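Chains, contacts and geometry: an overview
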Amino acid sequence: MKELISISTDWFNNYCNSFKELTENQKLSFRIKKEHSVRVGEIALLFSNKLEWTEEERWIAYIIGLLHDIGRFSQLIEFDTFHDDKSADHAEIAIKILKTTNVFEILNISNKELVFAAIQNHNKFRIQDGLTGQELLHSKLLRDADKMDILRVLTEYYTQRKGSVNHALTWELQKGTSVSPAVVKEVMAGKMVSKKNVISEMDVKIMQLSWVYDLNFRPTFEYLVKNRYLENVYNSLPKNDLVIEIYRKIKVFTENKILS
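Since we're looking at a predicted model, the values are computed, not measured.

So, about the pattern of salt bridges. Evaluation of the coordinates by the stated rule reveals twelve salt bridges. Put simply, arginine 72 and aspartate 84 hold a salt bridge, and the shortest N to O gap is 3.2 Å. Pair noted here: arginine 72 is in helix α4 (residues 71-79) and aspartate 84 is in the loop between α4 and α5 (90-99), with a separation of twelve residues, a long-range link. For arginine 72, a relative accessible area of 11% puts it in the buried group. For the salt bridge of glutamate 156 with arginine 152, the shortest nitrogen-to-oxygen distance reads 2.6 Å. Of the two residues, glutamate 156 and arginine 152 both sit in helix α8 (residues 133-160), four residues apart, roughly one turn of that helix. Members of the salt-bridge network, linked through shared partners, are Arg39, Asp149, Arg152 and Glu156.

Further remarks concern the packing of aromatic side chains. Counted under the stated rule, the structure contains 13 aromatic pairs. Seen in terms of ring centroids, phenylalanine 104 and phenylalanine 116 are 5.6 Å apart; in terms of plane orientation they differ by 90°. Their pairing is edge-to-face. A residue pair is termed long-range when its members are at least 10 positions apart, and phenylalanine 104 in helix α6 (residues 103-106) and phenylalanine 116 in helix α7 (residues 112-121) qualify at twelve residues. Side by side, phenylalanine 104 and phenylalanine 116 carry an identical accessibility label, which is buried. An aromatic cluster of three or more residues is present, and its members are Trp11, Phe12, Tyr15, Phe19, Phe30 and Phe73.

What follows deals with helix α1 (residues 2-16). Its 15 residues place the ends of α1 21 Å apart at the C-alpha level, agreeing with the 21 Å of an ideal helix rising 1.5 Å per residue. Three or more residues of α1 are buried, namely Ile5, Ser8, Thr9, Trp11, Phe12, Tyr15 and Cys16. All buried residues of α1 fall inside an arc of 160° around its axis, so they share one side. Away from its buried face by more than 90 degrees, α1 exposes Lys2, Glu3 and Asn14.

This paragraph deals with the environment of leucine 51. By the element assignment, leucine 51 lies in the loop between α2 (24-50) and α3 (55-67). In sequence terms leucine 51 and arginine 218 are 167 residues apart; their C-alpha atoms lie 8.7 Å from each other. Once residues within four sequence positions are removed from consideration, leucine 51 is found in contact with Leu141, Phe217 and Pro219.

Our focus in this paragraph is a nonpolar patch on the surface. The grouping of Leu4, Ile7 and Ile106 at the surface amounts to a nonpolar patch, some 200 Å² of accessible area in total. Considering the arrangement of structural elements, one finds leucine 4 in helix α1. Assessed through its relative accessible area of 31%, leucine 4 is described here as partly exposed.

Moving on, we come to unusual backbone geometry. Located in the positive-phi region is glutamate 21, a residue other than glycine, with phi close to 55°. When its relative accessible area of 80% is taken as the criterion, glutamate 21 is described as exposed. We note that arginine 228 has phi near 60°; this positive angle belongs to a residue other than glycine. Structurally, the position occupied by arginine 228 is in the loop between α12 (218-226) and α13 (229-235). On the basis of relative accessibility, which here comes to 46%, the residue arginine 228 falls in the partly exposed class.

Viewed as axis vectors pointing N to C, α12 and helix α14 (residues 241-259) meet at an angle of 130°, and their least axial separation amounts to 9 Å. In terms of orientation, α12 and α14 fall into the oblique class. When the axes of α12 and α14 are compared, the crossing they make is left-handed. Along its contact with α12, which presents Arg218, Phe221, Glu222, Leu224 and Val225, the element α14 presents Phe253, Thr254, Lys257, Ile258 and Leu259.

A word on the side chain of threonine 9. Here threonine 9 shows up in helix α1. Overall, threonine 9 belongs to the buried group, its relative accessible area being 17%. Of note is the side chain of threonine 9, whose polar atom sits 3.0 Å from the side chain of tyrosine 62. Apart from residues lying up to four places away in sequence, threonine 9 is in contact with Tyr62 and Leu66.

Cut-offs used in this document
Residues numbered from 1 in each chain as written. Predicted model: local features only at pLDDT ≥ 70, side-chain atom pairs only at ≥ 80, totals over all residues. Heavy atoms only, no water. Salt bridge = Lys/Arg side-chain N within 4 Å of Asp/Glu carboxyl O. Helix = DSSP H or I, 4+ residues; strand = E, 2+ residues; numbered from the N terminus. Buried < 20%, exposed > 50% of the residue type's maximum accessible area, 1.4 Å probe, protein only. Phe/Tyr/Trp six-rings, centres within 6.5 Å; stacked < 30°, edge-to-face > 60°. Expected span 1.5 Å × (residues − 1). Arc of directions from axis to C-beta. Contact = heavy atoms within 4.5 Å. Patch = residues over 30% accessible without salt bridge, like charges linked within 9 Å, V, L, I, M, F, W, Y side chains within 5 Å. Areas by Shrake-Rupley, 256 points an atom, 1.4 Å probe, with all protein chains shown as cover. Axes fitted to C-alpha atoms, helices over the stretch in contact; angles between N-to-C directions. Parallel < 35°, antiparallel > 145°, perpendicular 65-115°, else oblique. Left-handed = near helix turned anticlockwise from the far one by under 90°. Polar contact = N/O pair within 3.5 Å; in protein donor to acceptor, adjacent residues only side chain to side chain.

Have a look at this one:
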């Protein structure tokens, strides 16, 4: 497997390096997305190991994690943004790109549709109906691995935040002094918060806490707790009785998932 990981990583790096004459901002954005992609592949491999998947399943999990955001690079060049709403669905861009490359032949992957299904579903609010078997399993694993690395980036920002605001992480929203009623309703019902209900930075953070309701595997919850991601998001929030109650509910849910 080590050889396959090395070959796939080399291919991925060569693809990223095929973009020439980048601005300094684009170089920075490319580096961030490259590092994120590698980490998601590594996290997916870690979780699949803990779940005792077969070697082939673990290898596919790594590849899907590595390639899931490959659409981000051409998205940035063409649209100068990572916002899908202002450009195009980066998962669909990724699939179009992969269909035109020789990566599956190089890596001897026969089940392309499995890879496409997982990538197609990684950035959606919920997994599409009708997926079963390996497609469903890998879609769930990718979503878990992706969320864990996104939380790593976010909590580093929240705990080390100094100077200027990073609007890519705060959505250019006002800070807010209370949680929006629609956000409260969803999170207290044990549901993942919908983006359409988010109107402040405070709502964004509650939404990020609510991602626990979309996680799928015990190793994910263990990883979440070990790295104190929920705690760090919570510590960055202004405190009131409602925020404390939301956090307590989410913490109990997470602990139960580890014990179950």
